[in-house]
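Listed below, chain by chain, are the residues.
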Amino acid sequence: MTLGFAGACQQTNLCNESLMLEKLPACGKSFEDMMKKVDSKKWCNLTEFIICPSHTSVTAKMYHFILRYYDNFTQCTEREANNASCFWPNPLAEGFITGIHKQFFSNCTSEKVHWEDPPDEILITLILIPVMLTCAMITLVVWCSKRSDILV
């Protein structure tokens with residue numbers, strides 16, 4: 001027990017880590033069962049359902065389900081941690097969640113974008129335009145500063 005505001009007693013519960021670790025696999029099993037309904041080739045393509053403007057296509061609906069499955073999994077781990085009087089997230093729950101990520105999303109590496117230089121004509125144009133504008137502005141400033149009749 002600890003002393004709270006205005007001398008009121010509060011009951012403090014210690015985190016029951018063993019209970020939490022006993023219950024978390026049920027969340028993982030439920031997530032695994034749900035993910036088995038989805039083609040494993042589609043697990044990694046999250047950009048389509050995040051950016052997709054409508055959820056009418058079969059592909060979009062599938063990704064919507066993956067999001068919902070993951071949300072259910074996250075809520076389950078949070079609920080089980082709280083039932084064991086543990087804060088969430090905590091290192092043990094994070095370790096469990098990381099294990100689930102390794103199991104389902106380990107092959108989801110993002111492909112590096114290969115940047116290429118533009119064609120020489122475009123590159124030269126992009127370089128010369130600011131250079132010419134700078135020269136024109138300098139010429140205009142010098143010309144205006146030499147004309148005393150404009151400064152009055």
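Structure's up top.
Residues numbered from 1 in each chain as written. Predicted model: local features only at pLDDT ≥ 70, side-chain atom pairs only at ≥ 80, totals over all residues. Heavy atoms only, no water.

Chemist: A description of the overall build of the chain should follow, citing residues and the corresponding values.
Modeler: Looking only at helices and strands, the chain features six helices and two strands. In the chain, the succession of helices and strands from N to C terminus is β-β-α-α-α-α-α-α. When the 152 residues of the chain are sorted by exposure, 18% land in the buried category. For the chain, contacts bridging at least 24 residues in sequence account for 63% of all contacts bridging at least 6. As presented, the chain carries roughly 11,800 Å² of accessible surface, and 62% of it is formed by carbon and sulfur atoms. (Helix = DSSP H or I, 4+ residues; strand = E, 2+ residues; numbered from the N terminus. Buried < 20%, exposed > 50% of the residue type's maximum accessible area, 1.4 Å probe, protein only. Contact = heavy atoms within 4.5 Å. Areas by Shrake-Rupley, 256 points an atom, 1.4 Å probe, with all protein chains shown as cover.)

Chemist: Got a sec to walk through the packing of helix 1 (residues 17-35) against helix 4 (residues 91-105)? Specific residues and values, please.
Modeler: For the pair helix 1 and helix 4, the least separation of the axes is 10 Å and the interaxial angle reads 25°. What the angle tells us is that helix 1 and helix 4 run roughly parallel. When you trace helix 1 past helix 4, the crossing you get is right-handed. Contacts from Glu-17, Met-20, Leu-21, Leu-24, Pro-25, Gly-28, Phe-31, Glu-32 and Met-35 in helix 1 reach Leu-92, Ala-93, Phe-96, Ile-100, Gln-103, Phe-104 and Phe-105 in helix 4. Residues of the contact of helix 1 with helix 4, tallied by class, amount to twelve nonpolar, two polar and two charged. (Axes fitted to C-alpha atoms, helices over the stretch in contact; angles between N-to-C directions. Parallel < 35°, antiparallel > 145°, perpendicular 65-115°, else oblique. Left-handed = near helix turned anticlockwise from the far one by under 90°. Nonpolar A, V, L, I, M, F, W, Y, C, P; charged D, E, K, R; others polar.)

Chemist: I'd love a proper account of the side chain of Asn-90, names of residues and values included.
Modeler: Along the polypeptide, Asn-90 turns up in the loop between helix 3 (58-83) and helix 4. For Asn-90, a relative accessible area of 5% translates into the label buried. From its side chain, Asn-90 meets the backbone nitrogen of Leu-92 in a polar contact 3.0 Å long. Within the structure, the side chain of Asn-90 is placed 2.7 Å from the backbone nitrogen of Ala-93, a separation counted as a polar contact. (Polar contact = N/O pair within 3.5 Å; in protein donor to acceptor, adjacent residues only side chain to side chain.)

Chemist: Outline the pattern of salt bridges, supporting the account with residue identities and numerical values.
Modeler: Any two side chains of opposite charge can pair, so long as their charged atoms come close to each other. Within this structure, the stated rule accounts for two salt bridges. Across the pair Asp-33 and Lys-29 runs a salt bridge, and its minimum N-O distance is 3.0 Å. Placement of the pair is Asp-33 and Lys-29 together in helix 1, with a separation of four residues, close to one helical turn. On the accessibility criterion, Lys-29 (44% relative accessible area) is partly exposed. (Salt bridge = Lys/Arg side-chain N within 4 Å of Asp/Glu carboxyl O.)

Chemist: Hey, could you go over the state of the cysteines for me, with residue numbers and the actual values?
Modeler: Using the criterion set out here, one finds two disulfides in the structure. A disulfide bridge connects Cys-15 with Cys-86, and the sulfur atoms are separated by 1.8 Å. The chirality of the disulfide connecting Cys-15 with Cys-86 is right-handed, given an S-S dihedral of about 80°. Taken together, the residues Cys-15 in the loop between strand 2 (9-10) and helix 1 and Cys-86 in the loop between helix 3 and helix 4 connect sequence positions 71 residues apart. (Disulfide = S-S within 2.5 Å.)

Chemist: A description of the packing of aromatic side chains should follow, citing residues and the corresponding values.
Modeler: In this description, an aromatic ring pair is defined by two values, namely the gap between the centres and the angle between the planes. Inspection of the entire model under this criterion finds eight aromatic pairs. Aromatic pair Phe-31 and Tyr-70: ring centres 5.9 Å apart, planes at 80°, arrangement edge-to-face. Separated by 39 residues along the polypeptide, Phe-31 in helix 1 and Tyr-70 in helix 3 bring together distant segments of the chain. Looking at Tyr-70, the relative accessible area reads 25%, which means it is partly exposed. (Phe/Tyr/Trp six-rings, centres within 6.5 Å; stacked < 30°, edge-to-face > 60°.)

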